[in-house]
Amino acid sequence: MIFEDISLNLQAGKAKVVKELVKQAIDEGHSAQDILERGLLDGMNIIGEKFKNNEVFVPEVLVAARAMNQGSALLKPLLASEGSTAVGKVALGTIKGDLHDIGKNLVRMMMESKGLEVIDLGSDVPAEVFVETAIKEDCQIIAVSALLTTTMNNMADVVKAAEAAGIRDKVKIMLGGAPISESFAEKIGADCCTHDAATAAETAVSFCQ
Amino acid sequence: MNVKALLWKAAALHAALPILSFPAAQKLGVTVEEMVQNAELQAQAMCCIAEQTDTMAAVSLMDLSVEAEAFGAAVRFFHDEVPAITGQLVSDLEEAEALAVPDLTAGRIMTCTEGIRLAKERIHDKPVLAGMIGPFSLTGRLMDVTEIMYLCFDDPDAVHTVLKKAAAFLIAYGKALKAAGADGILMAEPLAGILSPDMAEEFSHCYVKQIIDALQEEDFSIIYHNCGNSVASMLDGIFALGADAYHFGNAVDMETVLQTAPQEILCMGNIDPAGQFVQGTPESMTAAVQDLLARCGTYPNFVPSSGCDIPAHASWDNIQAFFAALS
């Protein structure tokens, strides 16, 4: 019952209620992993599907993800002590020359809701920073966003930098943003492009399995 | 000029009105950074497009940083890209209440108004349309486009306080553009296009309607532009705004829009600016336009256009192929 309450309140974006319910669930002796999967992730998965089906929209996803993050912050130390680990690690950012970040922020939240650890590099990120972060943090994925047709060409530099650093076969490079197409991703040697945050998160999880 | 009448004529003839201005920088040999800060260059850009293409109207730059800059938001300029607003000028109700509505000498408002005046002196055979941001998109740039999404839930009073000031400023700016000689305004409200229909009604449509009611007249049209992903879910609300025409991006299927729209409502769109004008070829552009006409050309209320403003470095071969495919 408490898991359902967590899920429903998360879907409604009620971060304070979600935090209280997570605390209650902990106090009731439920495992952090159960609270995460049956409460928080259950709610985010439903929101993700509704977002793909145009039943909810960006603001609803953002507030639900905020509730998710605030609830899961309480679980982090417990998850670590239970031996739970992140599904995978992602170095995420908007490419150099581009300041647009709302799509990137949404992708971050959806990826975190799927249990991925995301290092958000912000916007206007040079190619070498993506690669250096991926090496330092042992990321399985580099995810790059661009909204401008002038900056999207800089995404090719990320692929080249990964090759030069000798990690291209160790990381998947994902692209996203309005002007990005599958043919463009293929042309520059990236692994894929995705067109919405929910699919980006699902794809990232599949890359880590 | 009666822009509405000309748009209906364009619809009958399949004449196009793409959002085409920035690529003039290539013809003029100037940078975007120079153009967005210089009235003479803006006028030259509009003249260039009016003279060298079959567009049915000249459109000023779709630069969505101008109005936010006037309020005091920080602007970052790029050599060959549109300027971007950075930072968060307003974060809560207290700051929203303290926010001053700028006068029309702030920032580059006078530059853009003067650009319209100069263009109107030189372009006589086509309407001159001024670009202007919509109220929710402006408010988002003042409150940060991501943070405003949270604030709509957490502090709607703060958002409405800024929206009221944004609308008041846009009405004043619109009147100045009208006085400078503009035949109409292309109002861009893309940020509202990622909201739910209910949130769009609360935080955008009512303010857009205020602006349209204050500015639109028989000889001064408002064309409402929204290229957001959620637009298909809010068409009823959009069509109730009372604009003379509605312009859609390539996130929506144009045929679906036309199937929903009452036939007395003009709808425009939506060849992909990045996918075709920049990354396409003349052949792919021709195919895209022919496909658009095949699906939408029988609708009497359809005007072919781009899906959004065409980037500065778009291929002029593709631009010409767009018009050629319609002729």
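Computed from a predicted structure; not experimentally measured.

1. A closer look at the overall build of chain A
A count of helical and extended segments in chain A gives 9 helices and 5 strands. Its helices and strands taken in sequence order, chain A reads α-α-α-α-β-α-β-α-β-α-β-α-β-α from the N to the C terminus. Over its C-alpha atoms chain A spans a radius of gyration of 17 Å, differing by no more than 12% from the 17 Å that the globule rule assigns to 209 residues. Over its C-alpha atoms, taken along the principal directions, chain A stretches across nearly 50 × 35 × 25 Å. Per-residue burial over chain A gives 54% buried out of 209 residues. Across chain A, every contact between residues at least 6 apart in sequence was considered, and the portion connecting residues at least 24 apart equals 71%. Of the roughly 8900 Å² of accessible surface on chain A, a fraction of 50% belongs to carbon and sulfur atoms. Computed over 20 positive and 30 negative side-chain charges, the separation of the two mean positions in chain A equals 3 Å.

2. Here we look at unusual backbone geometry
A cis geometry characterises the amide bond from B:G269 onward to B:N270, with omega recorded as -15°. Examined against the element boundaries, B:N270 turns out to sit in strand β8 (residues 266-271). Non-glycine residue A:N54 carries a positive phi angle of around 60°. Along the chain, A:N54 falls in the loop between α3 (32-52) and α4 (58-81). Even without glycine at this site, B:D144 takes up a positive phi of about 80°.

3. Description of the packing of aromatic side chains
All names here are of chain B. Inspection of every chain in the model, using the stated rule, returns 7 aromatic pairs over all chains. One aromatic cluster is present, formed by Y224, F239, Y246 and F248 through successive ring pairs. Above the ring of W316, the side-chain terminus of K27 is found at 4.5 Å from the ring centroid. If you follow K178 out to its NZ or CZ, it ends over the ring of F220, 4.9 Å from the centre.

4. Here's the deal with the pairing of strand β2 (residues 117-120) of chain A
All names here are of chain A. Bridge analysis of strand β1 (residues 89-94) against β2 gives 4 bridges, and the strand direction is parallel. The residue bridging A91 from the neighbouring strand is I119, located in β2. Once the chain exits β1 it traverses helix α5 (residues 102-113) before rejoining the sheet at β2, and the crossover so formed is right-handed.

5. Here's the deal with the nonpolar core
Among the nonpolar cores identified, the biggest contains 185 residues, and A:M111, B:L7, B:L17, B:F136, B:F239 and B:F248 are the most heavily contacted of them. Tallying contributions element by element places helix α10 (residues 156-179) of chain B first for this core, with 11 residues. Counting 29 residues, the second-largest nonpolar core is a separate cluster that includes A:A127, A:A162, A:A185 and A:C193.

6. Examining empty space enclosed by the protein
All names here are of chain B. Enumeration over the complete set of coordinates arrives at 2 cavities of 30 Å³ or more. There is about 140 Å³ of room inside the largest cavity. Within the residue set of the lining of the largest cavity, elements represented by two or more residues are α5 (66-71), α7 (109-122), β4 (128-133) and α10. If you tally residues by element for the lining of the largest cavity, the top one is β4, at 4 residues. If you add up the space inside the second largest cavity, you get close to 30 Å³. As for the second largest cavity, its lining consists of L17, I19, V59, L129, L186, I223, H247 and M268. Across the lining of the second largest cavity, the residue classes break down as 7 nonpolar, 1 polar and no charged.

7. Section: the interface of chain B and chain A
Taken together, the contact between chain B and chain A spans 24 residues of the former and 21 residues of the latter. For the pair chain B and chain A, the two sides together bury roughly 1900 Å², of which 65% comes from carbon and sulfur. The interface formed by chain B and chain A includes 2 salt bridges. A salt bridge links B:D154 to A:R66; the nearest nitrogen and oxygen atoms lie 2.6 Å apart. No other element matches helix α9 (residues 147-154) of chain B, which puts 4 residues into the side of chain B that touches chain A. In terms of residue class, the side of chain B that touches chain A is made up of 13 nonpolar, 7 polar and 4 charged.

8. Digging into the sheet that holds strand β6 (residues 221-226) of chain B
All names here are of chain B. As summarised here, the arrangement of the 7 strands in space is β1-β4-β5-β6-β7-β8-β9, forming an open sheet in which the pairing is parallel. Two strands in the sheet have a free side with no partner beyond their single neighbour: β1 (58-59) and β9 (302-306). Looking at chain direction, β6 and strand β7 (residues 245-248) are connected through 4 bridges and run parallel. From the neighbouring strand, N226 faces β7, where its bridge partner is F248. Taken strand by strand, helix α15 (residues 282-296) contacts β8 and β9, and its axis lies near 150° from that of β8.

9. Describing the side chain of B:E81
Here B:E81 is to be found in the loop between β2 (74-76) and β3 (84-86). Buried within the structure, B:E81 lacks any salt-bridge partner; its nearest side chain of opposite charge belongs to B:R141, at an N-O separation of 11 Å. In this view, B:E81 contacts A:L148, A:T149, A:T150, B:V32 and B:H313; residues no more than four positions away in its chain are not counted.

10. Some thoughts on the environment of B:V231
All names here are of chain B. Mapping V231 onto the fold places it in the loop between β6 and α12 (235-239). Along the sequence, V231 and E202 sit 29 residues apart, while their C-alpha atoms lie 15 Å from each other. Every residue in contact with V231, bar those within four places of it in the chain, is listed here: G193, N226, I238, F248 and V252.

11. As for the layout of surface pockets
Empty space left among the atoms is revealed by rolling a probe the size of a water molecule over them. Residue and element names in this part refer to chain A. Put simply, the second largest pocket is a space of about 510 Å³. In this structure, the second largest pocket is lined by 20 residues; those nearest its centre are L36, K76, L79, A86 and G115. Secondary-structure elements contributing two or more residues to the lining of the second largest pocket are α3, α4 and β2. Element by element, the count of residues in the lining of the second largest pocket is highest for α4, at 6 residues. Residue composition of the lining of the second largest pocket, by class: 9 nonpolar, 6 polar and 5 charged.

Rules used throughout
Residues numbered from 1 in each chain as written. Chains lettered and ligands numbered in written order. Predicted model: local features only at pLDDT ≥ 70, side-chain atom pairs only at ≥ 80, totals over all residues. Heavy atoms only, no water. Helix = DSSP H or I, 4+ residues; strand = E, 2+ residues; numbered from the N terminus. Rg over C-alpha atoms; globule rule 2.2 N^0.38 Å. Buried < 20%, exposed > 50% of the residue type's maximum accessible area, 1.4 Å probe, protein only. Contact = heavy atoms within 4.5 Å. Areas by Shrake-Rupley, 256 points an atom, 1.4 Å probe, with all protein chains shown as cover. Lys, Arg positive; Asp, Glu negative; His and termini not counted. Charge placed at Lys NZ, Arg CZ, Asp CG, Glu CD. Phe/Tyr/Trp six-rings, centres within 6.5 Å; stacked < 30°, edge-to-face > 60°. Lys NZ or Arg CZ within 6 Å of the ring centre and 35° of its normal. Pairing = 2+ DSSP bridges. Right-handed = clockwise from strand over helix to strand, strands pointing away. Core = buried A, V, L, I, M, F, W, Y, C linked by side-chain atoms within 4.5 Å. 1 Å grid on protein atoms, 1.4 Å probe; cavity = no way out; pocket = protein on both sides within 12 Å on 5 of 7 lines; lining within 4 Å. Points joined across faces, edges and corners; volume = space filled by probe spheres on them. Nonpolar A, V, L, I, M, F, W, Y, C, P; charged D, E, K, R; others polar. Buried area = accessible area lost by both parts, 1.4 Å probe. Salt bridge = Lys/Arg side-chain N within 4 Å of Asp/Glu carboxyl O. Axes fitted to C-alpha atoms, helices over the stretch in contact; angles between N-to-C directions.

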